[in-house]
Amino acid sequence: MNDLSPSRQPVPPHPANAARIGIGGPVGSGKTALIEALLPVFQRRGISVAVVTNDLVTAEDAERLRRSGIIDPARVLAVEAGACPHTVIREDPTLNILAADELDARFPGLELVIIESGGDNLASTFSLDLVDWWIFVIDVAGGGDIPRKRGPGVLQCDLLVVNKVDLAPHVGVDLDAMLEEARAVRGGSPLLATACRAGINIEAVADAICAAVLIRR
Amino acid sequence: MDASALLLALRFGDTAFPSGGFAFSQGLEGLGAVSGARPDTDAIAGFLTEQVRHRWGSAERVTLVQCHRGDGDLDAIAALDHDLDLSSFSEPLRLGARRNGAALLATHLRLGTPGAAAYRARVADGAAPGTLAAVQGLLWRASGLDEASAALLAGYQLVTGGLTAATRLGLIGALGAQQAMPALLATVAAVCAEPVASDAEPVGFSPFSDIAAARQARLPLRLFSN
Ligand SMILES: Nc1nc2c(ncn2[C@@H]2O[C@H](COP(=O)(O)OP(=O)(O)OP(=O)(O)O)[C@@H](O)[C@H]2O)c(=O)[nH]1
Ligand SMILES: [Mg+2]
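Quick look at the structure, then. Not measured: the values here are computed from a predicted model. (Residues numbered from 1 in each chain as written. Chains lettered and ligands numbered in written order. Predicted model: local features only at pLDDT ≥ 70, side-chain atom pairs only at ≥ 80, totals over all residues. Heavy atoms only, no water.)

1. Side note on the site of ligand 1
All names here are of chain A. Residues in contact with ligand 1 amount to 19 residues; listed here are only the nearest, Lys-31, Thr-32, Ala-33, Arg-64 and Cys-196. Here an oxygen atom of ligand 1 sits 2.7 Å away from a polar atom, N or O, in the side chain of Lys-31. A per-class count over the shell around ligand 1 returns six nonpolar, six polar and seven charged. (Near = heavy atom within 4 Å. Polar contact = N/O pair within 3.5 Å; in protein donor to acceptor, adjacent residues only side chain to side chain. Nonpolar A, V, L, I, M, F, W, Y, C, P; charged D, E, K, R; others polar.)

Structure, rendered in structure tokens:
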């Protein structure tokens, strides 16, 4: 059964709200890998985190995080997107709002809820009804011309993450040119280059999140 | 129906009104697993007709109408809400109804609809299940939608939700869905023409839907919440 079935534990009617951030981006760009890399950083910093995944057809990402050992499995909720990954983060984010509300209620003192969008295309953007701030993850292996295509996700996100920089030499991408172009199309809005598997620049992403939504830290 | 009631029903019935409904197939996603074949338009229409007549019409609709008549009396509405929840045999459909209701409440809470905050607190405390039908009755009454329109709207959403789910599952096209629509809406109208007695009990019996929903819950790949 669905793990979002209403809980039977009593929950306070007016939970204090944790900050909510979104992580969107194309299929396989490294959204879950980024979350896996961020969780230990937040743990070291003493920040209480929970995750909502929007897997497309299975609870694959939610299960992967639950089994990872880097987060209490109860802090990971999966929301089914009814084959509409765009809708569930933008036009009708109600189920994600509900999931974040549920996490707020279940974990007093929760500070940050990370909502991972299902893998989608460059047009996906988060509703500000759902999140306070959001990241869009693209990757080098998806092609050096991705920034030039000026997808709404690439342009509108609060932080653009260009992941898998370790792969640039193997996929014929000129990384400096790609980052330069990304900076240009974003008019100078924040951008970070990462290699999530190797742990490169993850601290910088965590710093950006903390500065944006956890300013007290 | 006067202009304001029509506009209100259009507003709440539009997918632009966020209520999370698009993520539920009410068992339709499990239909193929039950029948052993890819469901065609007739199979989908038959499935939805059974739900409209034998589950929604005789159970959810009864609760919705009675909760609407409850006119904001939260104790009465919670009792009706419990009755419907207890009468729902299928676990995926029962839990789906609660989650659907919670989603609709979450939206109305943020819109400031009278009664939404107080009822959500009851649901959060475990004092009410918050089934979709009960929540619709409460919130649509509080929003000024009349009883008849409220029932028709809920029936319309059941049909259109099922057909859009079928479309997203690739079982029918959007035009095929519209071709199936008139007969299904006629069924909704016929069911809604049956009066709801003040002491009526919700009595749904739709074993085929229940089995489909049970199969859906066990599918290795699922697009929908139920
Ligand atoms: N070489 C390399 N591989 C990476 C990096 N980050 C992620 N990957 C790999 O890329 C693949 C996809 O990563 P995920 O984290 O599952 O991507 P995702 O964006 O969450 O994918 P969906 O949720 O399916 O859209 C996996 O095989 C990762 O191990 C990286 O920085 N370098
Ligand atoms: Mg992922």
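2. Considering the environment of Val-62 of chain B
Positionally, Val-62 of chain B belongs in helix α3 (residues 41-69). Linking Val-62 of chain B and Phe-224 of chain B, residues 162 residues apart in sequence, is a C-alpha distance of 26 Å. (Helix = DSSP H or I, 4+ residues; strand = E, 2+ residues; numbered from the N terminus.)

3. Details of the layout of surface pockets
All names here are of chain B. Considering only enclosed or pocket space, the largest pocket measures out at about 750 Å³ in volume. In terms of lining, the largest pocket is formed by 36 residues, of which the most central are Ser-19, Gly-21, Phe-22, Gln-157 and Gly-161. Where the lining of the largest pocket is concerned, the elements lending two or more residues are α1 (3-13), α3, α5 (91-111), α7 (132-142) and α8 (147-168). Examining the composition of the lining of the largest pocket, we find that nine residues originate from one element, α8, more than from any other. Residue composition of the lining of the largest pocket, by class: 15 nonpolar, 15 polar and six charged. (1 Å grid on protein atoms, 1.4 Å probe; cavity = no way out; pocket = protein on both sides within 12 Å on 5 of 7 lines; lining within 4 Å. Points joined across faces, edges and corners; volume = space filled by probe spheres on them.)

4. Focus: the interface of chain A and chain B
Taken together, the contact pairs 29 residues of chain A with 29 residues of chain B. Together, the buried faces of chain A and chain B total about 2,500 Å²; carbon and sulfur atoms form 62% of this surface. Counting every contact that joins chain A to chain B gives three salt bridges. Our count for the chain A to chain B interface comes out at seven residue pairs in polar contact (both at pLDDT 80 or more). Secondary structure elements with two or more residues in the side of chain A that touches chain B: α3 (85-89) and α4 (94-106) of chain A. (Contact = heavy atoms within 4.5 Å. Buried area = accessible area lost by both parts, 1.4 Å probe. Salt bridge = Lys/Arg side-chain N within 4 Å of Asp/Glu carboxyl O.)

5. Observations regarding the packing of α5 of chain B against α7 of chain B
In helix packing, the relevant descriptors are the interaxial angle and the interaxial distance, both defined with respect to the helix axes. Residues and elements named next belong to chain B. It is the contact of α5 with α7, at a shortest axis distance of 7 Å, that shows an interaxial angle of 25°. In this view, α5 runs roughly parallel relative to α7, as classed from their interaxial angle. Each of Ala-97, Asn-100, Gly-101, Leu-104, Leu-105 and His-108 in α5 lies in contact with α7, whose residues at this interface are Leu-132, Val-135, Gln-136, Leu-139 and Trp-140. Classifying every residue of the contact of α5 with α7 gives seven nonpolar, four polar and no charged. (Axes fitted to C-alpha atoms, helices over the stretch in contact; angles between N-to-C directions. Parallel < 35°, antiparallel > 145°, perpendicular 65-115°, else oblique.)

6. A few points about the pairing of strand β1 (residues 19-24) of chain A
Burial analysis of β1 of chain A places six of its six residues in the buried class, the great majority of the element. What you see with β1 of chain A is no split at all: Ala-19, Ile-21 and Ile-23 of chain A on one side and Arg-20, Gly-22 and Gly-24 of chain A on the other are buried throughout. (Buried < 20%, exposed > 50% of the residue type's maximum accessible area, 1.4 Å probe, protein only.)

7. A closer look at unusual backbone geometry
All names here are of chain A. Positive phi is not limited to glycine here, since Lys-164 has a value of about 60°. Mapped onto the secondary structure, Lys-164 falls in the loop between β6 (159-163) and α6 (175-185). Here Lys-164 falls in the partly exposed class, since its relative accessible area comes to 24%. A positive phi angle is found at Asn-201, which is not glycine, with a value near 75°. Considering the arrangement of structural elements, one finds Asn-201 in the loop between β7 (191-193) and α7 (202-213).

8. Description of the packing of aromatic side chains
For the structure shown, the criterion picks out four aromatic pairs over all chains. Residues Phe-12 of chain B and Phe-17 of chain B carry aromatic rings whose centres are separated by 5.1 Å and whose planes lie at 80° to one another, so their mutual orientation is edge-to-face. The same class applies to Phe-12 of chain B and to Phe-17 of chain B, which are both buried. Feature note: the residues Phe-126, Trp-134 and Phe-136 of chain A constitute an aromatic cluster, connected by ring pairs. (Phe/Tyr/Trp six-rings, centres within 6.5 Å; stacked < 30°, edge-to-face > 60°.)

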